[in-house]
Amino acid sequence: EAAVPLAVLVDRNTASAAEVFAAALQDNGRAKLVGEATFGKGLVQTIAKLQDGSALVVTVARYETPQHSDINKRGLKPDVETACPADKDAECVPESAL
């Protein structure tokens with residue numbers, strides 16, 4: 001058990017691996033998420049270039065939280081919901097989040 005409380009600020013721009021990292025901290029009870037719902041980017045994709053010059057986007061993996069939740073198109077729900085102006089993030093973390 002960590003002695004220092006941890007809050008992770010998230011918003012609609014938190015996506016992909018950042019969402020998985022935040023989810024790992026949340027799922028394991030290590031941190032509370034504070035802010036807005038995240039983007040919901042839960043796919044890993046690659047682009048296959050074809051001989052005719054076109055391309056094909058192929059999904060090669062899905063991100064999953066430690067508790068096996070699918071974040072794609074859903075995002076993460078913060079423990080403490082709050083909307084903050086970009087320049088005031090640190091000031092918007094309520095004491096209840098810590």
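The structure this text deals with has already been given above.
Draft legend 1. Region of the structure containing the nonpolar core. Core analysis: the largest hydrophobic core is formed by nine residues, namely Val8, Val10, Ala22, Ala23, Leu25, Ala31, Leu33, Ile71 and Leu76. Listed by contribution, the elements that provide at least two residues to this core are strand S1 (7–10) and helix H1 (17–27). The element best represented in this core is H1, accounting for three residues.

Draft legend 2. Inspection of the pairing of strand S4 (residues 55–62) at higher detail. Sheet analysis places strand S3 (residues 43–49) next to S4, joined by seven bridges and oriented antiparallel. Residue pairing for S4: leucine 43 is matched across the bridge by arginine 62.

Draft legend 3. Expanded view of H1. Turning to H1, its buried residues number three or more, namely Glu19, Ala22, Ala23, Leu25 and Gln26. Seen from one end, H1 has its buried residues packed into an arc of 160°, which puts them on one side. Against S1 and strand S2 (32–35) lie the buried residues of H1. Directly after H1, the chain includes glycine 29, whose backbone phi takes a positive value near 70°.

Draft legend 4. Broad picture of the environment of asparagine 13. Along the chain, the position of asparagine 13 falls in the loop between S1 and H1. Along the backbone, asparagine 13 and glutamate 36 are 23 residues apart, and their C-alpha atoms lie at a distance of 9.3 Å.

Draft legend 5. Quick look at a nonpolar patch on the surface. Together, Leu50, Leu56, Val58 and Val60 make up an exposed nonpolar region whose accessible area comes to about 320 Å². Looking at the secondary structure, you find leucine 56 in strand S4. For leucine 56, a relative accessible area of 46% puts it in the partly exposed group.

How each quantity is defined
- Residues numbered from 1 in each chain as written.
- Predicted model: local features only at pLDDT ≥ 70, side-chain atom pairs only at ≥ 80, totals over all residues.
- Heavy atoms only, no water.
- Core = buried A, V, L, I, M, F, W, Y, C linked by side-chain atoms within 4.5 Å.
- Buried < 20%, exposed > 50% of the residue type's maximum accessible area, 1.4 Å probe, protein only.
- Helix = DSSP H or I, 4+ residues; strand = E, 2+ residues; numbered from the N terminus.
- Pairing = 2+ DSSP bridges.
- Arc of directions from axis to C-beta.
- Contact = heavy atoms within 4.5 Å.
- Patch = residues over 30% accessible without salt bridge, like charges linked within 9 Å, V, L, I, M, F, W, Y side chains within 5 Å.
- Areas by Shrake-Rupley, 256 points an atom, 1.4 Å probe, with all protein chains shown as cover.
- Salt bridge = Lys/Arg side-chain N within 4 Å of Asp/Glu carboxyl O.

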